[in-house]
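Coordinate inspection notes
Now for the letters of each chain:
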Amino acid sequence: MSVVPVNESELHEKLSKCIAGERVLIEHDGNRFSARIQHAGTKGVRVIPEALIKNTAGDLGDIEGVIHPYQEIQELEVKGVVYSRISEPVKQRA
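Treat the numbers as computed from the prediction; the structure is a model and nothing was measured.

Reading guide: rules and limits
- Residues numbered from 1 in each chain as written.
- Predicted model: local features only at pLDDT ≥ 70, side-chain atom pairs only at ≥ 80, totals over all residues.
- Heavy atoms only, no water.
- Helix = DSSP H or I, 4+ residues; strand = E, 2+ residues; numbered from the N terminus.
- Buried < 20%, exposed > 50% of the residue type's maximum accessible area, 1.4 Å probe, protein only.
- Contact = heavy atoms within 4.5 Å.
- Pairing = 2+ DSSP bridges.
- Axes fitted to C-alpha atoms, helices over the stretch in contact; angles between N-to-C directions.
- Salt bridge = Lys/Arg side-chain N within 4 Å of Asp/Glu carboxyl O.

On to the overall build of the protein chain. A tally of helices and strands in the protein chain yields two helices and seven strands. Helices and strands appear in the protein chain in the N-to-C order β-α-β-β-β-α-β-β-β. In the protein chain, buried positions account for 32% of the 94 residues. If you take every contact in the protein chain between residues at least 6 apart in sequence, the share linking residues at least 24 apart comes to 50%.

So, in structure tokens, the structure goes:
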């Protein structure tokens, strides 16, 4: 899997073209979690958190998604490529 660094606007452009099922990493109120896209809209992305998917006994169509603004999306995974806004940590000198 390769990681491609992108800025916020590049990531938003890619998100706007996504179809349902793509994986995203969301940072909300200081917490990070992975989710699957249900729908990308004009103001945000409706997602289903992966933890909710794993813990449900019903059909995926029965799960109500949650909308997160584009600014909270940190990564998008499409066909084995991760588009990431997360910068690599600065290495400390010894």
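It is worth spelling out the sheet that holds strand 5 (residues 66–69) at this point. Strands sit in the order 1-7-6-2-3-4-5 across an open sheet of seven strands; the sheet is mixed. The open sheet has two edge strands with one neighbour each: strand 1 (2–5) and strand 5. On average, adjacent strands in this sheet sit at an angle of 35° to one another, irrespective of strand direction. Sheet topology places strand 2 (residues 23–28) next to strand 3 (residues 31–40); six bridges connect them, and they run antiparallel. Each bridged residue has a counterpart across the sheet, and for valine 24 the counterpart in strand 3 is alanine 35. Here helix 1 (residues 8–16) sits on the sheet and contacts strand 2, strand 3, strand 4 (44–49), strand 6 (73–78) and strand 7 (81–84); the angle it forms with strand 6, its principal contact strand, is near 50°.

Time to look at the pattern of salt bridges. Counted according to the given criterion, the structure contains seven salt bridges. Where glutamate 77 meets arginine 23, a salt bridge forms, and the shortest distance between an N and an O atom there is 3.7 Å. Separated by 54 residues along the polypeptide, glutamate 77 in strand 6 and arginine 23 in strand 2 bring together distant segments of the chain. Taking the relative accessible area as the measure of exposure, arginine 23 reaches 31% and is therefore partly exposed. Between arginine 36 and glutamate 50 there is a salt bridge, and its shortest N-O distance comes to 2.7 Å. Here arginine 36, found in strand 3, pairs with glutamate 50, found in helix 2 (residues 50–54); they are 14 residues apart in sequence, far enough to count as distant. Classification of arginine 36 by relative accessible area gives partly exposed; the value is 32%. Shared partners join several salt bridges into a network, and the residues in it are Arg23, Arg36, Glu50 and Glu77.

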